[in-house]
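# A closer look at the structure
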Amino acid sequence: MSRTVAVTDPFRATALSRMKPGPARVVQGLHALIRRSALLAPHIWMGSGYRTGSSEHQSGCAIDIIIVEEVGRRPSVEERRAALALVDWLIAHASQLGIRSIIFSRDGKDRPEIWGYSAPGQWRAFPPRGSVSGDHIDHIHVLMRESASWPASLDTAVVGPAGPQSPGLPSTGVAEPDWDGKSFPGRLAFQLGRRHAAVTLLGQRLVAHGYGSHYKVGPGPEFGPADVAATKAFQRAQGWSGPDADGYPGPETWRRLMAAPSKPAKPAKVVSLAQLVAAAKRDPARPQGGTTAGSADDVRIVEAALMKEGLLSAKWASDGSFGSSTVAAYRRWQERLGYRGRDADGIPGRASLVELGRRHGFTVA
Ligand SMILES: [Zn+2]
């Protein structure tokens, strides 16, 4: 689609009467579907139906679904999310409706992706065409079979939460009863404030992959800011950025989360304040390198942290003895935190130890 579409008609699909009857019926059904959805209605509208200059549109079997306010512009995050939800829905209903193929740049990159032509059920990226519309960044091109039809059973289908045009419909458009409990449930399962069993599984997998620190309470079925933050951290760790790391799971995020974590999450290191205090009081009086029973492992953790802070020479950093060098290093750590006099005596206190652990990956028991 390269021309500007007139957006004066509220329906906005051009030359519907010149489309084939089946595809025209699908276009009307899709228009109503969009109007029923609070997710789609603010962003998505029907653009070019029948027109010359494109063999598919000229056949009367194709429609351009515009996902931006103004053709030629790149979509916002919300517009793209709405478009992806609609594309997921179209693919899920492709055989029912008679959809042959879809062209859309799902990730907004400067090249079209085509679903359904040569490899049924698969997306393939094609060479760039050099414009936002040519690369199908601002619209979804849908080609239907001449035999396309819109079953009446879809007249009440809703994508996402229902909009003002369907006050009687339930607000859960997600077909959760159909979810098999493991495959990607569709993007609609992940909307702030909405509940879906897949959200619980998402959180559990994020925890398994080591992103549990984002949850103040355990993962639950309501998709919330902690899920977004943990998902975003996971996506970034995949090397993704921009819209690929928006905190909302897509099929690839889901696939990687369901896989076993590539390396097991590091077990959290815990040190005992009581053991460290005992060692710091007794070890300096022992012969060089002497340790206190049960304390050496904890002392090594603290020594390693003090060394990383530049406060303890590597020479003393792994002997497990809280000797005079380690006491002196710990005093400098306390002074660095602003403690003076008796508060900077080189014997660990809880606050200074917690801060050291926060920076160097251990917690204090
Ligand atoms: Zn088109």
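Before reading further, recall that the structure is shown in the block above.
As the structure is a computational prediction, the values presented were derived from the model and not from experiment.

### Re the overall build of the chain
Counting its regular elements, the chain contains eleven helices and eight strands. The long-range fraction of contacts in the chain, counting pairs at least 24 apart against all pairs at least 6 apart in sequence, stands at 56%. Counting every atom, the chain has about 17,800 Å² of accessible surface; 52% of that belongs to carbon and sulfur.

### Digging into the sheet that holds strand β5 (residues 123–125)
To summarise the sheet geometry, strands pair through backbone hydrogen bonds and adopt either a parallel or an antiparallel arrangement. Taken in spatial order, the six strands make up an open sheet running β1-β2-β6-β3-β4-β5, and their pairing is antiparallel. The open sheet terminates on both sides in strands that have one partner only, identified here as β1 (45–46) and β5. When strand β4 (residues 113–115) meets β5, the two strands line up antiparallel, connected through three bridges. By the bridge assignment for β5, Glu113 is matched with Ala125. With respect to the sheet, helix α3 (residues 77–92) is in contact with β2 (62–66), β3 (99–104), β4, β5 and β6 (139–144), its orientation differing from that of β3 by roughly 160°.

### Quick notes on the side chain of Arg51
Following the sequence through the fold, Arg51 ends up in the loop between β1 and α2 (55–58). A polar contact of 2.6 Å, which involves the side chain of Arg51, links it to the side chain of Ser48. Here Asp64 takes part through its side chain, which lies 3.2 Å from a polar atom of the side chain of Arg51.

### Remarks on the nonpolar core
Ile65, Trp89 and Ile140 are the most contacted members of the largest nonpolar core, which has 42 residues in total. Going through the elements one at a time, α1 (21–36), β1, β2, α3, α4 (94–97), β3 and β6 are the ones with two or more residues in this core. In terms of residue count, the dominant contributor to this core is α3 (eight residues). Beyond its immediate stretch of four places on either side in the chain, Ile140 contacts Ile63, Asp64, Ile65, Ile67, Ala83, Leu86, Val87, Ile102, Ile103 and Phe104. Counting residues in hydrophobic clusters, the runner-up holds 23 residues, among them Val271, Val302, Ala305 and Ala329.

### Section: α1
With 16 residues, α1 extends 23 Å between its outermost C-alpha atoms, agreeing within 8% with the 22 Å of an ideal straight helix rising 1.5 Å per residue. Looking at α1, one finds that the buried residues are Gly22, Pro23, Ala24, Val26, Val27, Gly29, Leu30, Leu33, Ile34 and Arg36. For α1, the secondary structure elements touched by its buried residues are β1, β2, α3, α4 and β6.

### Details of the coordination of the zinc ion
Coordination sphere of the zinc ion, protein contribution only: His57 (NE2), Asp64 (OD) and His141 (ND1), at 2.0 to 2.2 Å. If you list the donors of the zinc ion from N- to C-terminus, the spacing comes out as H-x6-D-x76-H. Each member of the pair His57 and Asp64 is classed as buried.

### Thoughts on helix α8 (residues 273–282)
Looking only at α8, the buried set comprises Leu273, Leu276, Ala278, Ala279 and Ala280. On the buried face of α8, the contacting elements are β7 (269–271), α9 (296–308), α10 (324–336), α11 (350–360) and β8 (362–364).

### Overview of the packing of helix α5 (residues 197–208) against helix α6 (residues 225–237)
Helix-helix packing is characterised by the crossing angle of the two axes and by the distance between the axes. At their nearest, the axes of α5 and α6 sit 10 Å apart, and the two run at 50° to each other. The angle between α5 and α6 falls in the class oblique. The chirality of how α5 crosses α6 is left-handed. In contact with Val199, Leu202, Gly203 and Leu206 of α5, α6 contributes Asp227, Ala230, Thr231 and Phe234. Of the residues assigned to the contact of α5 with α6, the class counts are five nonpolar, two polar and one charged.

### Observations concerning the environment of Ala208
Checked against the element boundaries, Ala208 lands in helix α5. Note: C-alpha distance between Ala208 and Ala260 (52 residues apart in sequence) is 8.4 Å.

### Looking at the pattern of salt bridges
All chains considered together, the criterion is met by 19 salt bridges. Measuring nitrogen to oxygen at the nearest pair gives 3.0 Å for the salt bridge that ties Arg286 to Asp283. Residue class for Asp283 comes out buried when judged on its relative accessible area of 2%. Between Glu309 and Arg336 there is a salt bridge, with its nearest N and O atoms 2.8 Å apart. Pair noted here: Glu309 is in the loop between α9 and α10 and Arg336 is in helix α10, with a separation of 27 residues, a long-range link. On the basis of relative accessibility, which here comes to 43%, the residue Arg336 falls in the partly exposed class.

### Some remarks on the packing of α8 against α9
Where α8 meets α9, the closest approach of the two axes is 9 Å, and the angle between their N-to-C directions is 85°. Taken as axis vectors, α8 and α9 run roughly perpendicular relative to one another. Only Asp298, Val299 and Val302 of α9 make contact with α8, whose side of the interface consists of Gln275, Leu276 and Ala279. Residue classes in the contact of α8 with α9 are distributed as four nonpolar, one polar and one charged.

What counts, and where the lines are drawn
- Residues numbered from 1 in each chain as written.
- Predicted model: local features only at pLDDT ≥ 70, side-chain atom pairs only at ≥ 80, totals over all residues.
- Heavy atoms only, no water.
- Helix = DSSP H or I, 4+ residues; strand = E, 2+ residues; numbered from the N terminus.
- Contact = heavy atoms within 4.5 Å.
- Areas by Shrake-Rupley, 256 points an atom, 1.4 Å probe, with all protein chains shown as cover.
- Pairing = 2+ DSSP bridges.
- Axes fitted to C-alpha atoms, helices over the stretch in contact; angles between N-to-C directions.
- Polar contact = N/O pair within 3.5 Å; in protein donor to acceptor, adjacent residues only side chain to side chain.
- Core = buried A, V, L, I, M, F, W, Y, C linked by side-chain atoms within 4.5 Å.
- Buried < 20%, exposed > 50% of the residue type's maximum accessible area, 1.4 Å probe, protein only.
- Expected span 1.5 Å × (residues − 1).
- Donors = N, O, S within 2.8 Å, 3.2 Å for Na, K, Ca; no water.
- Parallel < 35°, antiparallel > 145°, perpendicular 65-115°, else oblique.
- Left-handed = near helix turned anticlockwise from the far one by under 90°.
- Nonpolar A, V, L, I, M, F, W, Y, C, P; charged D, E, K, R; others polar.
- Salt bridge = Lys/Arg side-chain N within 4 Å of Asp/Glu carboxyl O.

The values reported here are purely geometric and, on their own, carry no functional implication.
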